[in-house]
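Each chain, written out:
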Amino acid sequence: MELFTVNRYTEEQSKVIHGSGETTNEDDILQKLLHKAEKRKRKHKSSETAVKEAKAEQKDNEEETTVQAVDAAEPQIGKTSTDPEETEEPSNDFQVVGADASAAKRQKVEMVLPAWLAHPTIIEGGSLQPDDSTDAEATATSIKKLPYLEKYTCSALKQMKISRLFPVQTAVIPWILEAQAKPEPFRPRDICVSAPTGSGKTLAFAIPIVQLLAKRVQCKVRALVVLPVAELALQVYKVFSTLCSMTELEVCLLSKQHRLEDEQDKLLEQYKGVYYSKVDIVVTTPGRLVDHLHATKGFCLKSLKFLVIDEADRIMDAVFQNWLYHLDSHVRTTADQLLTGVQAPLCYQELLNSYGKQPHKLLFSATLSQDPEKLQNLRLFQPKLFTTVLTMPVLQPALDHGELADQASKFIGKYTTPAELTEQYCLTEMRLKPLTLYAMVCSNNWKRFLCFANSTDTASRLTFVLKHLFKDSGTNVEELSASMSASVRGKRLSDFVRGSIHGLVCSDALARGIDVPNVDIVVSYDAPRHIKTYIHRVGRTARAGQKGTAITLLTDKDLAHFKKMLYEVGKTMGEELIISPDIEVEHAVIYKSALEELRWRQEKRKSAIKVQKMIISRKGAVHQKPDEELTLMEKLQRKAGAEVVSKVPKAAKHAIAKTVKRSKLKRKPIKK
Ligand SMILES: Nc1ncnc2c1ncn2[C@@H]1O[C@H](COP(=O)(O)OP(=O)(O)OP(=O)(O)O)[C@@H](O)[C@H]1O
């Protein structure tokens with residue numbers, strides 16, 4: 001049985017050939033290999049020339065489309081395939097790794113997308129700025145003239161000071177309303193919406209959901225809105241609450257900012273052993289949703305009609321306790337329970353309606369992943385894509401010439417930023433970055449700016465230095481990062497909105513979705529590592545048609561990566577902002593003292609952490625020791641659950657004393 005052919009060098013063979021006076025077996029093999037390598041080289045060369053010729057032909061004939069150019073190249077490539085060497089039987093000999101054409105550079109493969117991604121619905125339309133829109137445009141999008149908006153929606157919009165809809169809203173709202181109006185068994189297509197930051201995506205899903213649920217008879221959870229962080233969930237909850245204020249619908253916010261028991265009370269009520277939902281729309285974070293799916297008895301999602309995933313790419317990228325799996329299995333279990341009779345159905349029709357029904361999925365983001373593999377996890381039903389990306393200047397000519405299908409692969413992975421956004425960058429040195437930022441704020445007298453750092457640690461240190469620098473200038477700068485409690489973050493944000501804080505230094509946890517009104521400037525203190533981070537950071541300004549500026553501080557090391565990152569998504573760097581090199585001399589004294597203070601604080605912090613660790617390890621040691629080896633104090637400690645530690649260990653005391661001594665030595669007054 002010749003399943004495997006093994007070529008092996010045997011001594012007998014070699015001896016026979018030696019005896020006959022012919023060439024040796026080794027020589028034979030070597031000759032064969034050399035011959036084959038030569039053949040492969042020739043073959044590789046001929047295919048390369050074919051491709052070169054095809055490219056030259058393509059260049060000559062510029063009017064021809066890309067497809068025609070590829071067609072022209074095909075016969076050439078065909079010629080190489082008729083090469084007699086190519087028709088040879090594949091060899092059974094050993095392959096020399098790296099010797100064949102596989103190591104050579106291959107032609108780039110064009111991306112082939114599923115039809116729904118290749119043929120999106122383009123969100124076009126006027127500017128978000130009311131002053132810029134023509135009279136006709138303003139009338140067409142005026143909320144009074146739109147027949148699909150209910151009266152209560154118009155009143156709620158007026159309350160929000162909104163008089164006309166934005167392009168993403170005029171495209172998506174009527175589409176959802178129409179799709180839902182069709183009778184069963186028609187099932188609406190799931191949608192993915194990719195539109196710039198601050199373009200009004202929240203209302204694009206909130207309005208149709210409220211209008212479609214407003215006529216419900218019994219209160220059940222029919223819409224679930226999932227957002228990545230608690231702040232965002234609160235923001236969306238407020239929008240829903242305003243829209244529902246003139247209807248009977250109830251909205252509930254679930255996030256880790258509240259006690260689980262309190263949320264359970266808001267969600268359900270029990271009557272004669274049966275649970276009844278008190279809410280129609282649930283706005284939640286994935287983590288909190290999983291908590292309730294596991295811990296809240298009677299929390300039922302079998303009537304779910306809408307599943308909205310806002311900032312969808314962020315939610316899909318992160319695992320978030322595998323929330324989708326839990327949600328899916330929960331929806332299925334409830335239906336299965338009904339079928340197996342564990343829970344008696346109220347009526348047969350309800351059972352029929354609920355079983356196997358999937359909610360209408362609506363995905364929104366400014367940086368929506370158009371990677372089919374990622375989207376596959378959501379099991380979207382005949383999805384439809386709404387996008388603004390094709391209105392980008394780089395892709396507009398293709399759109400005008402009707403070459404949309406050819407351009408499909410080019411818009412994937414590209415994102416739009418608001419038209420009202422001005423992007424700039426400033427080259428500086430690493431050691432001077434805080435000073436550069438300080439000089440910018442002072443010279444431009446910024447009073448509403450956000451500054452993003454790549455980590456909470458950097459955000460904290462930068463805030464410290466800026467506070468020191470701004471000590472006597474009346475500019476109030478504060479930190480806002482994920483390391484703080486939600487209530488502190490909420491307070492800082494509201495102070496910023498009120499104007500008592502002028503600048504917030506943030507970590508990226510808050511870069512997404514947060515809608516802070518009237519932010520004039522966004523500074524990327526650290527160059528963003530990913531394009532999505534950049535898009536969301538700069539999206540905190542220039543929202544809802546307002547003007548805004550985004551400035552990125554770059555060191556020489558960052559420059560190339562940043563440029564490449566923008567280029568890949570069809571964007572450019574914008575104008576360079578020049579800061580006088582004299583700033584270092586000008587603010588030398590105050591900057592030096594700020595850095596000294598920071599160093600002292602860091603040391604203090606380090607030793608505090610050291611002490612903490614020692615205390616913890618000591619607590620651990622008390623628990624691990626056998627009973628007979630424990631001192632009386634340790635026995636008492638263990639009895640008290642090791643909550644109390646009698647004294648700070650000697651080594652820890654020493655560490656603190658050493659740090660304080662050192663810092664005292666260093667904190668000498670700085671001479672001017
Ligand atoms: N039609 C409108 N007219 C005026 N303002 C609007 C309109 N629609 C939304 N807004 C306002 O625009 C701001 C941004 O809206 P929203 O938060 O929905 O944007 P977004 O597209 O979700 O942004 P992001 O992608 O950053 O989350 C909000 O303050 C909202 O009140």
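Thresholds, definitions, all that
Residues numbered from 1 in each chain as written. Predicted model: local features only at pLDDT ≥ 70, side-chain atom pairs only at ≥ 80, totals over all residues. Heavy atoms only, no water. UniProt positions renumbered as here; feature names shortened; annotations may be inferred. Axes fitted to C-alpha atoms, helices over the stretch in contact; angles between N-to-C directions. Helix = DSSP H or I, 4+ residues; strand = E, 2+ residues; numbered from the N terminus. Parallel < 35°, antiparallel > 145°, perpendicular 65-115°, else oblique. Left-handed = near helix turned anticlockwise from the far one by under 90°. Contact = heavy atoms within 4.5 Å. Nonpolar A, V, L, I, M, F, W, Y, C, P; charged D, E, K, R; others polar. Pairing = 2+ DSSP bridges. Near = heavy atom within 4 Å. Polar contact = N/O pair within 3.5 Å; in protein donor to acceptor, adjacent residues only side chain to side chain. Domains from an automatic or database assignment. Phe/Tyr/Trp six-rings, centres within 6.5 Å; stacked < 30°, edge-to-face > 60°. Lys NZ or Arg CZ within 6 Å of the ring centre and 35° of its normal. Buried < 20%, exposed > 50% of the residue type's maximum accessible area, 1.4 Å probe, protein only. Salt bridge = Lys/Arg side-chain N within 4 Å of Asp/Glu carboxyl O. Buried area = accessible area lost by both parts, 1.4 Å probe.

For the protein, the name recorded in an unreviewed UniProt entry is ATP-dependent RNA helicase, with Drosophila hydei as its organism. Regarding the protein, the relevant UniProt record gives this comment under Catalytic activity (unreviewed entry): "ATP + H2O = ADP + phosphate + H(+)". For the protein, the Sequence similarities (unreviewed entry) comment in UniProt is given as "Belongs to the DEAD box helicase family."

(A) Molecular detail of the packing of helix α8 (residues 201-213) against helix α9 (residues 230-244). It is at 10 Å that the axes of α8 and α9 come closest, and there the two elements cross at 40°. The angle between α8 and α9 falls in the class oblique. Seen along the crossing, α8 lies across α9 with a hand that is right-handed. From α8, T202, L203, F205, A206, I207, I209 and V210 reach across to α9, where they touch V236, V239, F240, L243 and C244. A per-class count over the contact of α8 with α9 returns eleven nonpolar, one polar and no charged.

(B) Layout of the sheet that holds strand β11 (residues 421-427). Pairing in this open sheet of seven strands is parallel, and the strands run β13-β14-β12-β15-β16-β11-β17 from one edge to the other. Strands at the two margins of the open sheet, each flanked by one partner only, are β13 (477-480) and β17 (575-576). Here strand β12 (residues 449-453) runs beside strand β15 (residues 521-524); their pairing, made up of four bridges, is parallel. When the sheet's bridge partners are listed, L450 is paired in β15 with V522. This element, helix α22 (residues 556-568), spans β11 and β16 (548-554) of the sheet and lies at about 125° to β16.

(C) The sheet that holds strand β10 (residues 384-387), seen in detail. Reading across from one edge, β1-β10-β2-β9-β8-β3-β7-β4 is the order of the eight strands in this open sheet, with parallel pairing throughout. The open sheet has two free edges, formed respectively by β1 (121-122) and β4 (251-254), since each of these has just one partner strand. When β4 meets strand β7 (residues 281-284), the two strands line up parallel, connected through four bridges. Of the residues in β7, the one forming a bridge with V251 is I281. Sheet contacts for helix α10 (residues 260-267): β4 and β7; angle to β4, the most-contacted strand, approximately 165°.

(D) Main features of the site of the ligand. Lining the immediate surroundings of the ligand are 19 residues, of which R164, G198, K201, T202 and D515 lie closest. Residue G200 places a main-chain N or O atom 3.2 Å away from an oxygen atom belonging to the ligand. If one sorts the elements of the shell around the ligand by residue count, α8 sits on top with three residues. Per-class residue counts for the shell around the ligand are six nonpolar, seven polar and six charged. Per-domain counts for the shell around the ligand show at least three residues from each of domain 1 (115-126 + 141-337 + 350-389) and domain 2 (421-599).

(E) Region of the structure containing the packing of aromatic side chains. For the structure on display, the rule yields six aromatic pairs. An aromatic cluster of at least three residues, connected via ring pairs, comprises F205, F240 and F364. Residue placement shows R448 over the ring face of F496; its charged tip is 4.6 Å from the ring centre.

(F) Spatial organisation of helix α21 (residues 531-538). Counted residue by residue, α21 has seven buried out of eight residues, so it is predominantly covered. What α21 keeps buried is the set I531, K532, Y534, I535, H536, R537 and V538.

(G) Representation of the pattern of salt bridges within the structure. All chains considered together, the criterion is met by 24 salt bridges. In this structure, R216 engages D280 in a salt bridge whose closest nitrogen and oxygen atoms are separated by 2.5 Å. Taken together, the residues R216 in the loop between α8 and β3 (223-226) and D280 in the loop between β6 (274-277) and β7 connect sequence positions 64 residues apart. Taking the shortest distance from any N to any O, the salt bridge between E478 and K467 comes out at 3.1 Å. Separated by eleven residues along the polypeptide, E478 in strand β13 and K467 in helix α19 (residues 456-469) bring together distant segments of the chain. In this structure K467 comes out as partly exposed when scored by relative accessible area, which is 37%.

(H) Local environment of the environment of K467. For K467 and E479, which are twelve residues apart along the polypeptide, the C-alpha to C-alpha distance reads 9.9 Å. When neighbours within four sequence positions are excluded, K467 is seen to be in contact with V477 and E478.

(I) Examining the packing of helix α18 (residues 433-444) against α19 more closely. Interaxial distance between α18 and α19 falls to 10 Å at its minimum, and their mutual angle equals 50°. The angle between the axes of α18 and α19 places the two elements in the oblique class. The handedness of the crossing between α18 and α19 comes out as right-handed. Taken together, the residues of α19 that come into contact with α18 (itself represented by P434, L435, L437 and Y438) are L462, V465, L466 and L469. When the residues that make up the contact of α18 with α19 are grouped by side-chain class, the tally is eight nonpolar, no polar and no charged.

(J) Structural context of the side chain of K201. You can see K201 is positioned in helix α8. Of the polar contacts made by the side chain of K201, one reaches the backbone oxygen of A195; its length is 3.0 Å. Excluding its chain neighbours within four sequence positions, the residues that come into contact with K201 are V168, A195, P196, F364, S365 and A366.

(K) Focus on unusual backbone geometry. Look at K161: it is not a glycine, yet its phi comes out positive at around 65°. Take K161: it is sitting in the loop between α6 (151-159) and α7 (167-181). Since its relative accessible area comes to 77%, K161 is described here as exposed. Despite not being glycine, N445 has its phi angle at roughly 50°, a positive value. Summarising the element assignment, N445 is placed in the loop between α18 and β12.

(L) View of the domain arrangement of the protein. You can read the domains of the protein as domain 1 (115-126 + 141-337 + 350-389) and domain 2 (421-599). Of the residues lining the interface, 16 residues belong to domain 1; the matching set on domain 2 comes to 15 residues. Between domain 1 and domain 2 the total buried area reaches about 1,300 Å² when both faces are included, carbon and sulfur atoms providing 54% of it. On the domain 1 side of the contact with domain 2, T197, E231 and T367 bury the most area, a combined 40% of that side's loss. The interface formed by domain 1 and domain 2 contains four salt bridges.

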